[in-house]
Amino acid sequence: MDDGWWRQEEKQTKKKGETTMKQKRILTGDRTTGRLHLGHYAGSLQNRVRLQDEYDTFILLADVQALTTHFEQPELVEKNICEVAIDNLSAGLDPEKVTLVQQSAVPAIAELTVFYSMLVSVNVLRHNPTIKTEAKQYGYDDLTYGFLGYPVSQTADITFCDADAVPVGEDQLPHMELARKIARRFNALYGDGREIIKVPQELISQSPRIAGLDGAAKMGKSANNALYLSDGRETVFAKIKSAVTDPNRIRRTDRGNPEVCTVSQYHKAFNPEEYDEVCASCRSGAVGCAACKERLAERIDALLTPIRERRSYYEAHQDAVRELIAAGSEKAARIGARKMEQVKAAMHLAL
């Protein structure tokens, strides 16, 4: 790879026969609170890799949103900007096809967040089901302004660059509906019949949510129940060995119930070709949990091997990764500045 391997054109196109068409744009991303895990891979990363050839793809490194829960650990957030970028690239995102954007480096996102906050009530935010779920998860009784309002910031994330669509899971649909409502209200108030703010659509991911190794409903960074994309072979095998299975299956020959087994869920997500066979063997007692885990560990290790190899390259070239983030953020800032010119003109704030 030469020194220009990471450079990108501001306008991406793709060819269909002899015709060149401008791609529609998507925006997605991750909070920079730690390295990404298999839950991220199944739920979004593998989908991003597929979509990068169909869409002009913006990947947001959401450091501001990370501060809504980690405001007392800014050094952790800073460290993980590069780590999360490397995880995305290691998963297979092509630096020549996607734009990596550091959220805090785009002034338009902060400006739009302020303007949009005038258009949504506190009660609407308090009744957002995702906000309520996450507040319970973090044990928040008294919500900070930033945590309560982060769906407004997410709307700014999506709309500063005129994203046509956002790949999301079903748990994020309330955020998307709020984003559409804010965009429509802005246009109704200030657009004078024009669409100043593009009304975004969702691309719903059909990928299953991956349970934690401990059987918890969700694999998470803070729950200490995750398999990370950066985990080595020995760590993968040790973690899979510790994963919970059917609690009623005591002896190897006992008939099991794969419906309540975390390892079975992982086979379904990461070893679909053998899933039916795995379930049949479990129900009949033909294969014990230890052998089933060994089989799964081999499959997951094979999945992670090329990801680790790419991570090794990017870890050895972290300065280039930072340059990539800086270039993408500068591009995003320029796009955002043009959007703010339109927004301020529409709001009669342009002098």
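Residues numbered from 1 in each chain as written. Predicted model: local features only at pLDDT ≥ 70, side-chain atom pairs only at ≥ 80, totals over all residues. Heavy atoms only, no water.

> What exactly am I supposed to notice about the pattern of salt bridges here?
Any two side chains of opposite charge can pair if their charged atoms end up close together. Tallying each qualifying case throughout the model produces 24 salt bridges. The closest approach of N and O atoms between Arg 50 and Glu 54, which form a salt bridge, is 3.3 Å. Residue Glu 54 is classed as partly exposed on the basis of its relative accessible area of 34%. Among the charged side chains, a network of salt bridges with common partners joins Arg 35, Lys 79, Glu 83, Asp 87, Arg 311 and Glu 315. (Salt bridge = Lys/Arg side-chain N within 4 Å of Asp/Glu carboxyl O. Buried < 20%, exposed > 50% of the residue type's maximum accessible area, 1.4 Å probe, protein only.)

> I'm lost on the nonpolar core in this one. Help?
Note on soluble globular proteins: their nonpolar side chains tend to be buried together. Core analysis: the largest hydrophobic core is formed by 44 residues, its most contacted members being Leu 38, Phe 270 and Ile 300. The dominant element in this core, judged by the number of residues it contributes, is helix 13 (residues 289-315), at 8 residues. The contacts of Phe 270, once residues within four sequence positions are left out, are Leu 38, Tyr 41, Ala 42, Ile 210, Arg 299, Ile 300 and Leu 303. Counting 43 residues, the second largest nonpolar core, distinct from the first, contains Tyr 150, Ala 156, Ala 163 and Ala 179. (Core = buried A, V, L, I, M, F, W, Y, C linked by side-chain atoms within 4.5 Å. Helix = DSSP H or I, 4+ residues; strand = E, 2+ residues; numbered from the N terminus. Contact = heavy atoms within 4.5 Å.)

> Would you mind showing me how to read the packing of helix 8 (residues 150-159) against helix 9 (residues 173-190) here?
Each pair of packed helices can be described by the angle between their axes along with the distance between the axes. Between helix 8 and helix 9, whose axes approach to 9 Å, the crossing angle comes to 70°. By the angle between their axes, helix 8 is roughly perpendicular relative to helix 9. Helix 8 and helix 9 meet at a crossing whose hand is right-handed. On the side of helix 8, the interface is formed by Tyr 150, Pro 151, Gln 154, Thr 155 and Ile 158, while helix 9 contributes His 175, Met 176, Leu 178, Ala 179 and Ile 182. When its residues are assigned to classes, the contact of helix 8 with helix 9 shows 7 nonpolar, 3 polar and no charged. (Axes fitted to C-alpha atoms, helices over the stretch in contact; angles between N-to-C directions. Parallel < 35°, antiparallel > 145°, perpendicular 65-115°, else oblique. Left-handed = near helix turned anticlockwise from the far one by under 90°. Nonpolar A, V, L, I, M, F, W, Y, C, P; charged D, E, K, R; others polar.)

> How do you make sense of empty space enclosed by the protein when you look at a structure like this?
Picture a little ball the size of a water molecule; that probe, rolled over the atoms, points out where space is still empty. Summed over all chains, the structure comprises 1 cavity of 30 Å³ or more. Space inside the largest cavity adds up to approximately 120 Å³. Lining of the largest cavity is provided by 14 residues; of these, Arg 249, Val 278, Cys 282, Gly 288 and Cys 292 occupy positions nearest its centre. Elements represented by at least two residues in the lining of the largest cavity include exactly helix 11 (262-270), helix 12 (275-284) and helix 13. (1 Å grid on protein atoms, 1.4 Å probe; cavity = no way out; pocket = protein on both sides within 12 Å on 5 of 7 lines; lining within 4 Å. Points joined across faces, edges and corners; volume = space filled by probe spheres on them.)

> Looking at this structure, how should I read helix 11?
For the α-helix, the turn length of 3.6 residues means that residues three or four positions removed from each other point alike. Those residues of helix 11 lying buried are Thr 262, Val 263, Ser 264, Tyr 266, His 267 and Phe 270. If you follow the buried residues of helix 11, they end up packed against helix 1 (38-51), helix 10 (233-242), helix 12 and helix 13.

> It is not clear to me how the pairing of strand 6 (residues 165-168) should be interpreted in this structure. Could you clarify?
When a strand is regular, its side chains alternate between the sheet's two faces. Here strand 6 shows no split at all, with Ala 165 and Pro 167 on one side and Val 166 and Val 168 on the other all buried. This β-α-β element, strand 6 to helix 9 to strand 7 (residues 201-204), shows right-handed connectivity. (Right-handed = clockwise from strand over helix to strand, strands pointing away.)

> Please explain unusual backbone geometry as it appears in this structure.
Trans is the prevailing form of peptide bonds, just as negative phi is the prevailing case for residues other than glycine. The phi angle at Asp 192 is positive, at roughly 50°, despite the residue not being glycine. Turning to its location among the elements, Asp 192 is positioned in the loop between helix 9 and strand 7. By relative accessible area, which is 70% here, Asp 192 ends up exposed. Phi at His 348 is positive, roughly 60°, even though this residue is not glycine. Tracing the backbone shows His 348 in the segment after helix 14 (318-346). A relative accessible area of 72% places His 348 in the exposed class.

> Looking at this structure, how should I read the layout of surface pockets?
Put simply, the second largest pocket is a space of about 430 Å³. Residue assignment for the lining of the second largest pocket shows that the elements contributing at least two residues are helix 2 (63-70), helix 4 (107-117), helix 5 (122-126), helix 7 (145-148) and helix 8. The element that contributes the greatest number of residues to the lining of the second largest pocket is helix 4, accounting for 6 residues. Tallied by class, the residues present in the lining of the second largest pocket amount to 13 nonpolar, 10 polar and no charged.

> Would you explain the pairing of strand 7 in this entry?
With 4 bridges joining them, strand 6 and strand 7 adopt parallel strand pairing. From the neighbouring strand, Ala 165 faces strand 7, where its bridge partner is Gln 201. (Pairing = 2+ DSSP bridges.)

> I tried to follow the environment of Val 236 on my own but got confused; where do I start?
Looking at where Val 236 falls in the secondary structure, it is placed in helix 10. Using a relative accessible area of 0% as the deciding quantity, one classes Val 236 as buried. Spatially, the C-alpha atoms of Val 236 and Gly 149 are 37 Å apart, while their sequence positions differ by 87 residues. With residues up to four places along the chain from it excluded, the contact list for Val 236 reads Leu 227, Asp 231, Ala 297, Ile 300, Asp 301, Leu 304 and Arg 308.

By themselves, these are just geometric observations and shouldn't be taken as functional.
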